[in-house]
Amino acid sequence: MVAPTMKHFLASLCLLESLLHALSQCTVPASDFQLEGDYLIGGLFDIHHVSNRLKYDRPETIDCSRQTFSLSSYRRFQVMRFSVEEINNSTNLLPNVTLGYDIFDHCSDTHNFPGIFKLISVNGLIQPWAEPHNNLSNVIAVVGPFTSTDTLSVTPLFTMDLIPLVSYGAGSSAFSEKIKFPSFLRTVHSNKGLIEVIINIILHFNWLWVAFLNSSGDYGIDGRELFIKSIKDTEICLAYSKSVNSNTNYSQVFKQIEEQKINVIIVFVPKMTAEVLIKSAVQLNVTNKVWIAGDTWSLNKDLLKMKGIKNIGTVLGVAQPVVSLPGFNDFIYSTKSQPLCENTERNMFCNQAFNYSGRNPDNIISADPSFSFPVYSAVYAIAHALHNVLQCGAVKCNGNITVFPHMVLAELRNSNFTLLNQSIRFDENGDLKSGAYYVVFWNDSGEAQVIGFYNFHPPYHSFNNTKIQWYRNGKVPISLCSKECPIGYMKEQDGIHKCCFNCQICPNGTYINNTEDPYKCISCKETEWSAEGSTSCSLRLVEYVAFTDSGAIIIMVGAWALVGLTLVVFVLFAVNYNTPVVRSAGGPMCFLILGCLSLCCLSVFFYFGEPTTSFCILRFLPFILFYTVCLACFVVRSFQIVCIFKMAAKFPKLHSWWMKYNGQWLVIASAFVTQALLLAIGYSSVTLSPINETQWYPDKTIVVCDINPKAAGGSVILLVSLCSLCFIFAYMGKDLPKNYNEAKAITFCLLLLIFTWIIFATEYMLYHGKYIQILNALAVLSSLYSFLFWYFFPKCFIIIFQPHKNTQLYFQGLIQNYTKTISQ
């Protein structure tokens, strides 16, 4: 019995010795993860990161300290500690109030919930919000998490009690939806702003054929969707996109990019995925590319100094402005990190344990500073909100106020303060209102050199291209599916991408406006014209024959001359009315013909000047109407000649009836009335109006009168019929006495008339300029002169110069000789 008792006693002594030894090691009970204070702020930092998804056979949490360490995340963790200490030492912000924190290593989005539960629980219990407000967590707000996926996992748990969650790195645009995430705010710009900067870089260098590699998490997928949506109204084409992770076959990815001749690659992934991707590019000897980095890895110092990084091409990145935190370096050097010894198993379970061996302060200070200021500003935003809730003055705060998380949230939304010359304000979606991004270039010295910036409020940007050392000997790389079309060419899309196209020159009468639509040739207006391959239209030159035109003046002088000559002939015939020549020419009918010839001249004057509806009517109506009378007179005259010399003997009754009822005047009157009716019907059914003829010349508009067959068809048929009858009757009397042969004169006049209009018809088909109006007027005038010259002038010549032939005796002799000839 003694031996077992001694054995237990010795065991107890050993256990006590172990406990005492452990207590001797924990001389400083404080932990980097926890700090007591009047009000607690929670913190979620991915100090370690699960690089590969772990497979579990049973539900269990994860030990983050065994995962991959992230120095830049550890730096951000220290920034939060520094911020709280700085606020606690401040006399202006939260006087006589101390802040504490409870920070957790959030290395996984699926196995880190014990730490989250600890933040929202009291004494191990989580109770829903109820009256009275008892047993609520002491945590007034939480800083973090960093990634969008982690944030999406934990936000609903904090939303339940409206505990403010101020993220320093979650960029997914989904968090801007306040209905789903009412207690979420962030001190970084959303992916929307980041994508906006990337697109501006692409457009600045005219890279229209790009690849987009994104992570498979919420951050990357959201970035890709925003990118696709944002480039819809631009000329940028997404030639290739791929969700990547640490297990991706990058050899196949880069092979497909190379096959499509893509020279610009946007890499929208977290830091660790970017490291794997870029290292794969170096190992696979991917060269001559432009890499555009997101803000998660654009300042990654490990990649900046990696061997072979220069061979992959040119790296440009979008980075948050690096804001120096005064006193932070001294804080790191003065900090001696201690493990949390109390209840070590519990802290391992909650991921508040850490192996600090080998962590050099210089390494922490020189680590990637990205997202450090967002952590700093997140802590200060919470402190300012608490300051307002507690109604703090210059010396102290109101300690009688019970602070609830939703009160801090309300003040957070109204934040408006300046921190290290940076304005901190949130919009209605909980996103930052102000701020900017830097555009950086990875130079040959292994540094991320600032070459430009993009400011959001007010929006403006600037890029200094001269600082970039391109891999193509100083020339900006080209990334296009198709080369730009020459000026005046439209793009004809080839395939599904609008960046791939063939070039087609815009024909006459069209132009291309690349700012409006480079894929369509736009037709010019009717009053405009353009040559082949034009970028704009010019006003057409409007042409018509003016009254001052030399050709018009000559024609009008000719018309007045005809009127004058007909007047002279009229007087001459009136003086010699009773002579045989005048009587044989038609007697009183000659005066009607001369009068109608003069009236026909009216049409000539309306061929000049700017055409109007009345001009178009008067251009044809006088000539057609009065020329019909002329032709009817000559038809009657030809018929009378044939009747007198050939038909009087054979058809005496017909001749007697003709003479008794004045058949010649009935025919003339009938022709006049018929033509007048036809013109009235034609012009009333179809209005003759001027039209702008644009088909004949590309750069001119010829103002002409619309010749409608319906309006003039019947009148022209009547004229042609009279002309044909006249020609038939005149031809029948071609063998009449030489000096008494009006039939031959009429036949010759008709031949000239026909020849004139054949020539004009030929010209009308071959020539379509404005001078066709002069040719038309000339044809009208020639038609009038043919009868005046070849019918009336020979008779005037006999009256004036051969009066001996203008006697009754001379004409009787001719008739008697002809009678004898035909009787034989």
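If you're wondering where the values come from, they're calculated on a predicted model, not measured in any experiment.

With respect to the side chain of T248
Moving on, step 1. By the element assignment, T248 lies in the loop between β10 (237-244) and α7 (250-259).
Moving on, step 2. A polar contact of 2.8 Å, which involves the side chain of T248, links it to the backbone nitrogen of N245.
Moving on, step 3. Once residues within four sequence positions are removed from consideration, T248 is found in contact with S243 and V253.

Side note on helix α14 (residues 405-413)
Moving on, step 1. Every buried residue of α14 is accounted for by P405, V408, L409 and L412. Down the axis of α14, the smallest arc covering the buried residues is 105 degrees, so these residues share one side.
Moving on, step 2. Tucked inside the fold, the buried residues of α14 contact β6 (139-143), β7 (165-167), β8 (184-186) and α13 (372-389).

Details of the sheet that holds strand β9 (residues 209-215)
Moving on, step 1. The strand order across the open sheet formed by eight strands is β10-β9-β11-β12-β13-β16-β17-β18, and the pairing between neighbours is mixed. Among the strands making up the open sheet, the edge pair consists of β10 and β18 (460-463). Across the sheet, the mean angle from the axis of one strand to that of its neighbour is 20 degrees, orientation sign disregarded.
Moving on, step 2. As paired elements, strand β12 (residues 289-293) and strand β13 (residues 313-319) share five bridges and run parallel to each other.

Some words on the sheet that holds β8
Moving on, step 1. Across the sheet, six strands lie side by side as β1-β5-β2-β6-β7-β8; this open sheet has mixed pairing. Looking along the sheet, the strands with just one partner apiece sit at the ends: β1 (34-35) and β8.
Moving on, step 2. With seven bridges connecting them, strand β2 (residues 39-45) and strand β5 (residues 99-105) associate as parallel partners. Its bridge partner lying in β5, I41 is registered against Y101.
Moving on, step 3. Each of β1, β2, β5 and β6 is contacted by helix α2 (residues 71-88), which is oriented at about 170 degrees to β5, the strand it contacts most.
Moving on, step 4. Helix α3 (residues 113-120) contacts β1, β2, β5 and β6 of the sheet and is inclined by roughly 160 degrees relative to β5.

Quick look at the pairing of β2
Moving on, step 1. Taking burial as the measure, the seven residues of β2 include seven buried ones, the bulk of the element.
Moving on, step 2. Across the two faces of β2 the burial is the same, with Y39, I41, G43 and F45 and L40, G42 and L44 all buried.
Moving on, step 3. One ladder, built from four bridges, connects β2 with β6; its direction is parallel. In the strand pairing of β6, L40 is matched with V139.

A word on the state of the cysteines
Moving on, step 1. A full pass over the atoms with the stated rule returns eight disulfides.
Moving on, step 2. Disulfide pairing places C506 opposite C521 at an S-S distance of 2.1 Å. Disulfide C506 to C521: torsion about the S-S bond roughly -85 degrees, handedness left-handed. With C506 in the loop between β20 (501-505) and β21 (510-513) and C521 in strand β22 (residues 517-523), this pair connects stretches of sequence that are 15 residues apart.
Moving on, step 3. Covalently, C616 is tied to C705 through a disulfide, its sulfur atoms 2.0 Å apart. A torsion of -85 degrees about the S-S bond marks the disulfide between C616 and C705 as left-handed. Taken as a pair, C616 in helix α19 (residues 613-647) and C705 in strand β27 (residues 700-705) lie far apart in primary sequence, 89 residues in all. For the pair shown, C616 and C705 are each scored as buried.
Moving on, step 4. Not part of a disulfide, C590 finds its nearest cysteine sulfur in C633, a span of 9.0 Å.

Brief notes about the packing of aromatic side chains
Moving on, step 1. Summed over all chains, the structure comprises 45 aromatic pairs.
Moving on, step 2. Plain terms: the ring middles of F639 and F729 are 5.4 Å apart, the flat faces sit at 65 degrees to each other, and that makes the pair edge-to-face. One end of the pair, F639, is in helix α19; the other, F729, is in helix α22 (residues 709-732), and 90 residues separate them in sequence.
Moving on, step 3. Exposure remark for F639: the relative accessible area of 16% places this residue in the buried category.
Moving on, step 4. Every member of this aromatic cluster is reached through a ring pair, and the members are F573, F623, Y627, F634, W757, F760, Y764, F787, Y791 and F792.
Moving on, step 5. It is R76 that lies over the ring of F146; its NZ or CZ is 4.3 Å from the centre.
Moving on, step 6. Looking at K700, its charged tip hangs above the ring of Y697, at a distance of 5.2 Å from the centre.

Thoughts on a nonpolar patch on the surface
Moving on, step 1. On the surface, a cluster of nonpolar side chains totalling about 380 Å² of accessible area is made up of L567, F570, V571 and V575.
Moving on, step 2. With respect to the helices and strands, V575 occurs in helix α15 (residues 550-575).
Moving on, step 3. By relative accessible area, V575 is classed as exposed at 65%.

Let's talk about the environment of S372
Moving on, step 1. Assignment of secondary structure puts S372 in helix α13.
Moving on, step 2. The spacing of S372 and M80 is 292 residues in sequence and 8.7 Å in space, taken between C-alpha atoms.
Moving on, step 3. Those residues in contact with S372 that sit more than four places away from it in its chain are R75, R76 and V79.

Looking at the confidence of the model for the protein
Moving on, step 1. When pLDDT is averaged across the protein, the result is 85; 87% of the residues are at 70 or more.
Moving on, step 2. Here helix α1 (residues 2-25) is the element of the protein with the lowest mean pLDDT, 35, and strand β11 (residues 264-268) is the one with the highest, 97.
Moving on, step 3. Here residues 1-29 scores under 50 on pLDDT; set against residues more than four positions off or in separate chains, the count is three contacts.
Moving on, step 4. In the predicted structure, residues 339-349 sits below a pLDDT of 50 and forms 19 contacts with residues beyond four places in sequence or in another chain.

Structural notes on unusual backbone geometry
Moving on, step 1. Of the consecutive residues G144 and P145, the connecting peptide bond is found in the cis state with omega at -10 degrees.
Moving on, step 2. Looking at the secondary structure, you find P145 in the loop between β6 and α4 (148-159).
Moving on, step 3. In the segment running from H457 into P458, the intervening peptide bond is cis, with an omega of -5 degrees.
Moving on, step 4. Position of P458 among the secondary structure elements: in the loop between β17 (448-455) and β18.
Moving on, step 5. Within the chain, N285 stands out as a residue other than glycine whose phi angle is a positive 60 degrees.
Moving on, step 6. Within the element layout of this structure, N285 appears in the loop between α8 (271-283) and β12.
Moving on, step 7. Owing to a relative accessible area of 56%, N285 belongs among the exposed residues under this scheme.
Moving on, step 8. Backbone geometry at L420 places phi at a positive 50 degrees, although glycine is not the residue there.
Moving on, step 9. Considering the arrangement of structural elements, one finds L420 in the loop between β14 (416-419) and β15 (422-425).

Description of the nonpolar core
Moving on, step 1. Among the nonpolar cores identified, the biggest contains 73 residues, and F573, F608, Y627, L631, L784 and F792 are the most heavily contacted of them.
Moving on, step 2. In this structure, F792 is in contact with V569, F573, C590, I593, L594, L597 and F787, ignoring residues within four places of it in sequence.
Moving on, step 3. One finds V210, I236, A281 and I292 within the second-largest nonpolar core, a separate group that totals 66 residues.

A word on the environment of V704
Moving on, step 1. By the element assignment, V704 lies in strand β27.
Moving on, step 2. Overall, V704 belongs to the buried group, its relative accessible area being 7%.
Moving on, step 3. The contact partners of V704, leaving out residues within four places of it in the chain, are S689, P690, I691, E693, W696 and Q773.

Points about the environment of Y74
Moving on, step 1. Here Y74 lies in helix α2.
Moving on, step 2. On the basis of relative accessibility, which here comes to 2%, the residue Y74 falls in the buried class.
Moving on, step 3. Between the C-alpha atom of Y74 and that of I47, which follows or precedes it by 27 residues, the distance is 5.1 Å.

Considering the packing of α15 against helix α24 (residues 772-801)
For any two helices packed against each other, the geometry is given by the interaxial angle and the distance between the axes.
Moving on, step 1. Relative to each other, α15 and α24 sit at 25 degrees, their axes nearing to 10 Å. In terms of orientation, α15 and α24 fall into the roughly parallel class. Both α15 and α24 take part in a crossing whose hand is left-handed.
Moving on, step 2. When its residues are assigned to classes, the contact of α15 with α24 shows 22 nonpolar, three polar and one charged.

Parameters and conventions
Residues numbered from 1 in each chain as written. Predicted model: local features only at pLDDT ≥ 70, side-chain atom pairs only at ≥ 80, totals over all residues. Heavy atoms only, no water. Helix = DSSP H or I, 4+ residues; strand = E, 2+ residues; numbered from the N terminus. Polar contact = N/O pair within 3.5 Å; in protein donor to acceptor, adjacent residues only side chain to side chain. Contact = heavy atoms within 4.5 Å. Buried < 20%, exposed > 50% of the residue type's maximum accessible area, 1.4 Å probe, protein only. Arc of directions from axis to C-beta. Pairing = 2+ DSSP bridges. Axes fitted to C-alpha atoms, helices over the stretch in contact; angles between N-to-C directions. Disulfide = S-S within 2.5 Å. Phe/Tyr/Trp six-rings, centres within 6.5 Å; stacked < 30°, edge-to-face > 60°. Lys NZ or Arg CZ within 6 Å of the ring centre and 35° of its normal. Patch = residues over 30% accessible without salt bridge, like charges linked within 9 Å, V, L, I, M, F, W, Y side chains within 5 Å. Areas by Shrake-Rupley, 256 points an atom, 1.4 Å probe, with all protein chains shown as cover. Salt bridge = Lys/Arg side-chain N within 4 Å of Asp/Glu carboxyl O. pLDDT = per-residue confidence, 0-100. Core = buried A, V, L, I, M, F, W, Y, C linked by side-chain atoms within 4.5 Å. Parallel < 35°, antiparallel > 145°, perpendicular 65-115°, else oblique. Left-handed = near helix turned anticlockwise from the far one by under 90°. Nonpolar A, V, L, I, M, F, W, Y, C, P; charged D, E, K, R; others polar.

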